[in-house]
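Chain by chain, the residues run as shown.
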Amino acid sequence: MTFDRKSFLIGVLTLSAAILTLGHIQITSTARASETIIDDDFQLVTAKVRKGDDGIYVLHKRKNLVALFTWDAAKKGVVVSDVKSLDELLNTH
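Bear in mind the structure is a predicted one, so any value in this text is a computation, not a measurement. (Residues numbered from 1 in each chain as written. Predicted model: local features only at pLDDT ≥ 70, side-chain atom pairs only at ≥ 80, totals over all residues. Heavy atoms only, no water.)

## Some words on the overall build of the chain
Helices and strands together make up the secondary structure of the chain, namely two helices and five strands. Reading the chain from its N terminus to its C terminus gives the helix and strand order α-β-β-β-β-β-α. The 93 residues of the chain split such that 11% are buried. In the chain, of all internal contacts separated by at least 6 residues, the share reaching a separation of at least 24 is 2%. Counting only carbon and sulfur atoms, one obtains 61% of the accessible surface of the chain, whose full area is about 8,000 Å². (Helix = DSSP H or I, 4+ residues; strand = E, 2+ residues; numbered from the N terminus. Buried < 20%, exposed > 50% of the residue type's maximum accessible area, 1.4 Å probe, protein only. Contact = heavy atoms within 4.5 Å. Areas by Shrake-Rupley, 256 points an atom, 1.4 Å probe, with all protein chains shown as cover.)

## Quick word on the sheet that holds strand β2 (residues 42-48)
The five strands are arranged β1-β2-β3-β4-β5 in an open sheet whose pairing can be described as antiparallel. In the strand order of this sheet, the two ends are held by β1 (36-38) and β5 (77-85), each with one partner. Looking at each pair of strands side by side, their axes are set apart by 20 degrees on average, direction ignored. Pairing geometry for strand β4 (residues 65-72) and β5, over eight bridges, is antiparallel. Pairing of Phe-69 across the sheet is with Val-80, part of β5. (Pairing = 2+ DSSP bridges. Axes fitted to C-alpha atoms, helices over the stretch in contact; angles between N-to-C directions.)

## Let's talk about a nonpolar patch on the surface
Together, Ile-37, Phe-42, Leu-44 and Ile-56 line one region of the surface with nonpolar side chains, adding up to about 320 Å² of accessible area. Within the element layout of this structure, Ile-37 appears in strand β1. For Ile-37, a relative accessible area of 54% translates into the label exposed. (Patch = residues over 30% accessible without salt bridge, like charges linked within 9 Å, V, L, I, M, F, W, Y side chains within 5 Å. Salt bridge = Lys/Arg side-chain N within 4 Å of Asp/Glu carboxyl O.)

## Notes on the environment of Ser-81
Position of Ser-81 relative to the elements: it lies in strand β5. Sequence-wise, Ser-81 and Gly-55 are 26 residues apart; in three dimensions their C-alpha atoms are separated by 9.2 Å. Discounting chain neighbours no more than four positions away, the residues touching Ser-81 are Arg-50, Leu-68, Phe-69 and Thr-70. Side-chain polar atoms of Ser-81 contact the side chain of Thr-70, separated by 2.5 Å. (Polar contact = N/O pair within 3.5 Å; in protein donor to acceptor, adjacent residues only side chain to side chain.)

## Observations concerning the pattern of salt bridges
Under the criterion given, the structure shown has three salt bridges. Across the pair Asp-54 and Lys-48 runs a salt bridge, and its minimum N-O distance is 3.2 Å. Among the salt bridges present, the one from Lys-84 reaches Asp-82, with a minimum N-O distance of 3.8 Å.

## Section: the environment of Leu-59
Here Leu-59 is to be found in strand β3 (residues 54-60). In sequence terms Leu-59 and Phe-42 are 17 residues apart; their C-alpha atoms lie 5.5 Å from each other. Aside from chain neighbours lying at most four places away, what touches Leu-59 is Asp-41, Phe-42, Gln-43, Leu-65, Val-66 and Leu-86.

## Focus on the side chain of Thr-70
One can find Thr-70 in strand β4. Under the relative-accessibility criterion, Thr-70 is labelled buried at 5%. Discounting residues that sit within four places of it in the chain, Thr-70 has contacts with Val-49, Arg-50, Asp-54, Gly-55, Gly-77, Val-78, Val-79 and Ser-81.

So, in structure tokens, the structure goes:
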């Protein structure tokens, strides 16, 4: 059985396409909202917000403020969705 150049190139290209497809499927990851970072002045928590979007809550401990940052597709960037005092959110005055 002999392979001509055309058949060999088709085989190599098919194998390359299969490897690239497999690599894309295995390398692709999604953002998971489950991380927490704690510092002296700040605490950051990722969480699911409306419609399954991910958000970042930032707590400024000294000022007792919580800010919610979300992705705005129209602006193609991260925007501040809301800023409130922690006391207001927890209903403790």
